[in-house]
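Structural features, examined
Now for the letters of each chain:
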Amino acid sequence: MSRLKRSDRPYDIVLFGATGFVGTLTAEYLAAHAPAEVRWAIAGRDGTRLRQLRERLGVDVGVLRADVSDPASLRALAEHARVVATTVGPYVRYGEELVAACADTGADYLDLTGEPEFVDLTYVRHDVRARETGSRLIHACGFDSVPHDLGAYFTVRQLPEGVPLTVDGFVSADASMSGGTLASALGQFARGRQMLAAARERGRHEPRLPGRRAVATLGAPRFAPEVGAWALPLPTVDSLIVLRSARALRRYGPDFRYRHYAAVRRLPVAVGGVAAVGALVAAAQLPPARRWLSDRLKPGEGPSAQTRARSWFSVRFVGEGGGRRVCTEVSGGDPGYDETAKMFAEAALALVCDALPPTAGQVTTAVAMGDALTARLIRAGVRFRVAARR
Ligand SMILES: NC(=O)c1ccc[n+]([C@@H]2O[C@H](COP(=O)([O-])OP(=O)(O)OC[C@H]3O[C@@H](n4cnc5c(N)ncnc54)[C@H](OP(=O)(O)O)[C@@H]3O)[C@@H](O)[C@H]2O)c1
């Protein structure tokens, strides 16, 4: 289906999950920043709460009802939108039917997943159909993984072309999480086996890269003098997204290697952090412990505006290749919610408003809209800078 045909649809953007924690922040961001000519709608399963939200936003947006247990309602969302942006997670539990509807109807799809299993599963099942219809399936459009994907892209572009490149990313943050994020994290920790199976299945479907190499490896824990912190390997979805961008874009060179770390200044904090994550992963294997943990923070709950105002993130990158070395940084405010809502809304606006390279199927933010989204985020206050080069 041509992009022109999709412009006949009643809405440019439909935000599904608008009454959830990050959904509401995204709706507020769009209400404040979407150009007047962008036609958008909020969607969810509770019409009364959606209308209350619209009243509170004070903008004339559409309201659409849809429930993940009703595939016809998801199909209707996809048919009404050029872009569907969904915050309805955990995505492994709730997400696939909407991806299928978007791939089938040619709507672009954006989400906030940090679940590698989901990304691999949708690639295997829906990438081919999305390429046929011209639908762009773009996962991980929040803190997972926009600063990492666009930061690596920004770093690569500071280095020479056509040579092997290595990039290390070091993430630090001070922030709290929402009930939705906790539920997704616990669900993911409990599905290690399924995650590996989905990755293997993807490997069987994904074409090899002729004449080029791109790998994301887990580095060993170490003190990293280049960032003055302890570096702990971080096996999140971020390095997989960076890897997908490197596979798709020749600018990453003939042989690209990425390593992703958490950066922690003090050794006791690093040791404590590893122990805490280990305990969480272990607890997630036991249903009663998982339920107990989920009850601490319910879906819909999240950090207050005051807590978010004190929160921050920084991702530093060290890139090397062709005899050059560059240190860059992407940084901003509250990563999980305020900045995630900004990244998510700006990604949706970029798809609707900006001149982008022609892409279709499962693509990353760097591939679908690297330059446009970076420029948008800089205008919106996310910092991208070159800290040092030689
Ligand atoms: N990548 C990142 O950096 C990042 C950052 C933040 C969040 N996230 C992810 O984003 C997702 C949402 O997080 P959150 O904190 O906003 O969670 P939340 O507050 O629990 O919101 C979940 C949303 O899903 C909706 N929902 C649940 N079941 C549904 C159904 N059957 N049909 C239709 N809608 C349904 C909820 O609707 P109701 O409002 O009607 O309950 C709500 O709008 C999570 O998966 C989280 O991990 C990712």
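On a predicted model such as this, the values are computed, not experimentally measured, just so you know. (Residues numbered from 1 in each chain as written. Predicted model: local features only at pLDDT ≥ 70, side-chain atom pairs only at ≥ 80, totals over all residues. Heavy atoms only, no water.)

The next thing to look at is the site of the ligand. Taken together, 28 residues lie near the ligand, and Thr19, Phe21, Arg45, Ser178 and Ser184 sit nearest. Within the side chain of Arg45, a nitrogen or oxygen atom sits 2.8 Å from an oxygen atom of the ligand. Backbone polar atom of Val68 to a nitrogen atom of the ligand: 3.1 Å apart, as the coordinates give it. Against a free-state accessible area of 920 Å², the protein chains account for coverage of 91% of the ligand. When residues of the shell around the ligand are assigned to their parent elements, the largest contribution, 3 residues, is made by helix α9 (residues 179-189). (Near = heavy atom within 4 Å. Polar contact = N/O pair within 3.5 Å; in protein donor to acceptor, adjacent residues only side chain to side chain. Areas by Shrake-Rupley, 256 points an atom, 1.4 Å probe, with all protein chains shown as cover. Helix = DSSP H or I, 4+ residues; strand = E, 2+ residues; numbered from the N terminus.)

Take the UniProt feature "domain: Saccharopine dehydrogenase NADP binding" (unreviewed entry) in the protein chain next. Under the local residue numbering, the UniProt record ascribes the feature "domain: Saccharopine dehydrogenase NADP binding" (unreviewed entry) to residues 13-114. With 47% helix and 23% strand, the stretch residues 13-114 has end C-alpha atoms that lie 22 Å from each other. (UniProt positions renumbered as here; feature names shortened; annotations may be inferred.)

A separate point is the side chain of Thr364. Counting through the fold element by element, Thr364 comes out in the loop between β14 (361-362) and α16 (365-379). Within the local environment of Thr364, its side chain forms a polar contact with the backbone nitrogen of Val367, the two atoms lying 3.2 Å apart. Not counting chain neighbours up to four residues away, the residues in contact with Thr364 comprise Ile138, Asp149, Ile241, Arg244 and Ser245. (Contact = heavy atoms within 4.5 Å.)

Since the α-helix turns once every 3.6 residues, residues separated by three or four places project in the same direction. Among all positions in helix α4 (residues 71-80), only Ser73, Leu74, Leu77 and Ala78 are buried. Down the axis of α4, the buried set is contained in an arc of 140°. They therefore lie on one face. Where α4 is buried, its residues meet β1 (11-16), β2 (40-44), β3 (62-65), β4 (81-86) and α6 (96-105). (Buried < 20%, exposed > 50% of the residue type's maximum accessible area, 1.4 Å probe, protein only. Arc of directions from axis to C-beta.)

Given a rise of 1.5 Å per residue, 12 residues ought to cover 16 Å, and the 17 Å separating the end C-alpha atoms of helix α11 (residues 237-248) matches this to within 8%. Taking burial as the measure, the 12 residues of α11 include 9 buried ones, the bulk of the element. Looking at the buried positions of α11, the neighbouring elements they touch are α7 (116-133), α8 (146-156), α10 (192-205), β8 (213-217), β11 (255-264) and α16. (Expected span 1.5 Å × (residues − 1).)

Of the pockets and cavities examined, the second largest pocket occupies roughly 400 Å³. Along the wall of the second largest pocket there are 19 residues; nearest its centre are Arg131, Glu206, Arg244, Ala248 and Gln362. Of all the secondary-structure elements, those providing two or more residues to the lining of the second largest pocket are α7 and α11. Of the residues in the lining of the second largest pocket, the class split is 9 nonpolar, 3 polar and 7 charged. Residue contributions to the lining of the second largest pocket reach at least three from each of two domains, namely domain 1 (11-142 + 339-374) and domain 2 (146-334 + 382-389). (1 Å grid on protein atoms, 1.4 Å probe; cavity = no way out; pocket = protein on both sides within 12 Å on 5 of 7 lines; lining within 4 Å. Points joined across faces, edges and corners; volume = space filled by probe spheres on them. Nonpolar A, V, L, I, M, F, W, Y, C, P; charged D, E, K, R; others polar. Domains from an automatic or database assignment.)

Assigned domains of the protein chain: these are domain 1 (11-142 + 339-374) and domain 2 (146-334 + 382-389). Its C-alpha centre places domain 1 at a distance of 23 Å from the equivalent point of domain 2. Contact residues are listed per partner, giving 29 residues for domain 1 and 39 residues for domain 2. When domain 1 packs against domain 2, close to 2900 Å² is buried across both sides, 66% of that on carbon and sulfur atoms. The largest contributions to the domain 1 side of the interface with domain 2 come from Phe21, Glu117 and Glu339, which together make up 21% of the buried area. At the surface where domain 1 touches domain 2, the tally comes to 4 salt bridges. The salt bridge involving Glu117 is made with Arg191; its shortest N-O contact spans 2.7 Å. Elements that contribute at least two residues to the side of domain 1 that touches domain 2 include exactly α2 (21-33), α7, α15 (338-353) and α16. (Buried area = accessible area lost by both parts, 1.4 Å probe. Salt bridge = Lys/Arg side-chain N within 4 Å of Asp/Glu carboxyl O.)

Across all of its chains, the model carries 29 salt bridges by this definition. A salt bridge links Asp338 to Arg308; its shortest N-O distance comes to 2.7 Å. Pair noted here: Asp338 is in helix α15 and Arg308 is in helix α14 (residues 305-310), with a separation of 30 residues, a long-range link. With a closest N to O distance of 2.7 Å, Asp354 and Arg376 form a salt bridge. On the criterion of sequence distance, the pair formed by Asp354 in the loop between α15 and β14 and Arg376 in helix α16 is long-range, its members being 22 residues apart. Owing to a relative accessible area of 24%, Asp354 belongs among the partly exposed residues under this scheme. Look at the salt bridges and you will find they share partners, linking Arg75, Glu79, Asp104, Arg129 and Glu132 into a network.

Let us look at the sheet that holds β14. Reading across the sheet, the 7 strands line up as β3-β2-β1-β4-β5-β6-β14 and stay open at both edges, with parallel pairing between neighbours. At either end of the open sheet lies a strand with only one pairing partner, and these are β3 and β14. Two strands pair when backbone bridges link them, and β1 and β4 are joined in this way by 5 bridges, in the parallel orientation. Counted as the bridge partner of Tyr11 is Ala81 from β4. (Pairing = 2+ DSSP bridges.)

This part is about unusual backbone geometry. A cis amide bond, omega 0°, links Gly89 with the succeeding residue Pro90. Along the polypeptide, Pro90 turns up in the loop between β4 and α5 (91-94). Omega for the bond connecting Asp144 with Ser145 falls within 30 degrees of zero, at 0°, which places this linkage in the cis form. Residue placement: Ser145 occurs in the loop between β6 (136-138) and α8.

The element β4 is largely enclosed, with a buried count of 6 among its 6 residues. Direction of pairing for β4 relative to strand β5 (residues 108-111): parallel, over a ladder of 4 bridges. Considered in β5, the bridge of Thr86 is made with Asp111.

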